[in-house]
Amino acid sequence: MAGRRGWGGSPPDNDEDASRRIVAAAVDLIGRTGSEISIADVAESLGVIRQTVYRYFPSADALMRAAAIASVDGFLDRLAQQVSGIEDPVAAMTEGVVYTLTEVHRTPHLGILLSSTYSNVHPESLTSEEAQTFGMLMIRRFDVDWERYGYDDTALHELVEYVLRTMQSFFVSPGNPPRSDEDLRRYLTRWMGAAIIAQLEQRPTPGPPQHDSR
């Protein structure tokens, strides 16, 4: 019976459509309530049973992170505008982190993605595939020539993990009293900046030119 009246009377065409509609319902609920939601909430909004949602998302954490990824495009656009024209990697990353930490308190979807507060027993959620995907989307919006500073794809993924961990620490424990934006910029420039620039030292040094002995 639930299946007949569920999905707004229009069942999904395939698994991809079902997954997309579940995520869309979660995005809508988070946006309207401004807080974390449960699998039951999403199932009720779609008129389906909880097992239907669990078929596509094994946990509320997985669904919330998928919803966050699907709803942060607007944030990424604002972030790109904030860091536009900054070509120095330290300055760009510092500004990006400060801006994100400011926005995360105003954007429930982003807060769920970038923190472990939705599931305190799973703090590894910050380095989940969804969070890493978000981090790569974020870093690609910068006007930084990453290759020039020694970053290949592997190094960029490691940098994203490092920055996500840094942001989590400030999100969970901002300090007492919390640093002002300017103080945070100075702190990040000094310490996070040193780690970012260190990648230059990892690049292989070209050897002397080889001469043909023939």
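Residues numbered from 1 in each chain as written. Predicted model: local features only at pLDDT ≥ 70, side-chain atom pairs only at ≥ 80, totals over all residues. Heavy atoms only, no water.

### Quick notes on unusual backbone geometry
Which entries qualify depends on this criterion: Only DSSP runs of H or I covering at least 4 residues are called helices, and only runs of E covering at least 2 are called strands; the numbering of each starts at the N terminus.
Looking along the chain, the bond that leaves Asn-176 and enters Pro-177 is cis, with omega of 0°. Here Pro-177 is to be found in the loop between helix H10 (153-172) and helix H11 (181-197). The backbone of Trp-7 shows a phi angle near 60°, a positive value even though the residue is not glycine. Mapped onto the elements, Trp-7 comes out in the loop between helix H1 (2-5) and helix H2 (15-33).

### What about the packing of aromatic side chains?
Formally: When two rings of Phe, Tyr or Trp (its six-membered ring) have centres within 6.5 Å they constitute a pair, described as stacked for plane angles under 30 degrees, edge-to-face for angles over 60, and tilted for the intermediate range. Each residue gets one of three labels from its accessible area relative to the maximum for its type: buried under 20%, exposed over 50%, partly exposed in between, using a 1.4 Å probe on protein chains only.
One pass over the full model with this rule turns up four aromatic pairs. Between Phe-75 and Tyr-99, the ring centres sit 5.9 Å apart and the planes meet at 15°, which makes this aromatic pair stacked. Remark: Tyr-99 occurs in helix H7 (residues 89-103) and Phe-75 occurs in helix H6 (residues 73-83); sequence separation between them is 24 residues. Of the two residues, Phe-75 and Tyr-99, neither departs from the other in class, the shared state being buried. For the ring pair Phe-170 and Tyr-187, a centre distance of 5.8 Å and an interplane angle of 80° mean the geometry is edge-to-face. Of this pair, Phe-170 sits in helix H10 while Tyr-187 sits in helix H11, and the two are 17 residues apart along the sequence.

### Topic: a negative patch on the surface
Going by this rule: Patch membership is restricted to residues that have no salt bridge and whose relative accessible area is over 30%. Joining uses 9 Å for like charges and 5 Å for the nonpolar side chains Val, Leu, Ile, Met, Phe, Trp and Tyr. Computed with the Shrake-Rupley method and a 1.4 Å probe, the accessible areas treat only the protein chains shown as cover for residues. For this analysis, a salt bridge means a side-chain nitrogen from Lys or Arg found within 4 Å of a carboxyl oxygen belonging to Asp or Glu. Note that His is not counted, nor are the chain ends; the positive residues are Lys and Arg, and the negative ones are Asp and Glu. Taken as the charge centre is NZ of Lys, CZ of Arg, CG of Asp or CD of Glu, depending on the residue.
Residues Glu-87, Asp-143, Asp-145, Glu-147, Asp-152 and Glu-158 make up a contiguous surface patch of negative charge. Examined against the element boundaries, Asp-143 turns out to sit in the loop between helix H9 (129-140) and H10.

### Concerning the confidence of the model for the protein chain
Reading predicted coordinates in detail is not appropriate for stretches of low pLDDT. What counts, and what does not: What pLDDT expresses is the predictor's confidence in each residue, scored from 0 to 100. Any two residues whose heavy atoms approach within 4.5 Å are treated as being in contact.
Confidence along the protein chain averages 83 in pLDDT terms, with 84% of residues attaining 70 or more. Mean pLDDT across the elements of the protein chain bottoms out in H1 (49) and peaks in helix H4 (residues 50-56) (96). Overall, residues 116-124 carries pLDDT values under 50, and its contacts beyond four positions in sequence, including any with other chains, amount to 16 contacts.

### Re the packing of H7 against H10
The line we're drawing: Simply put, an axis is a line fit to the C-alpha atoms, just over the touching stretch for a helix, and the angle between two N-to-C directions goes from 0 to 180 degrees. For this classification, under 35 degrees means roughly parallel, over 145 means roughly antiparallel, 65 to 115 means roughly perpendicular, and everything else is oblique. Should the near helix be turned anticlockwise from the far one by less than a right angle, the crossing is left-handed, and should it be turned clockwise, the crossing is right-handed. Gly is placed with the polar residues, together with every amino acid not listed as nonpolar (Ala, Val, Leu, Ile, Met, Phe, Trp, Tyr, Cys and Pro) or charged (Asp, Glu, Lys and Arg).
Direction vectors running N to C along H7 and H10 enclose 40°, while the axes themselves pass 11 Å from each other. By the criterion of interaxial angle, the relationship of H7 to H10 is oblique. H10 is crossed by H7, and the crossing has right-handed handedness. Between H7 and H10, the contacting residues are Met-93, Val-97, Thr-100 and Leu-101 on the first element and Leu-159, Val-163, Met-167, Phe-170 and Phe-171 on the second. Looking at the contact of H7 with H10 residue by residue, the class counts come to eight nonpolar, one polar and no charged.

### Re the pattern of salt bridges
The tally for this structure, following the rule as stated, stands at eleven salt bridges. Across the pair Asp-77 and Arg-141 runs a salt bridge whose closest N-O atoms are separated by 3.1 Å. Remark: Arg-141 occurs in the loop between H9 and H10 and Asp-77 occurs in helix H6; sequence separation between them is 64 residues. Residue classification places Arg-141 among the partly exposed residues on the basis of a relative accessible area of 30%. Glu-161 serves as the salt-bridge partner of Arg-165, at 2.8 Å between the closest nitrogen and oxygen. Within this pair, Arg-165 and its partner Glu-161 are both found in helix H10, separated by four residues, close to a single helical turn. Residue Glu-161 is classed as partly exposed on the basis of its relative accessible area of 30%.

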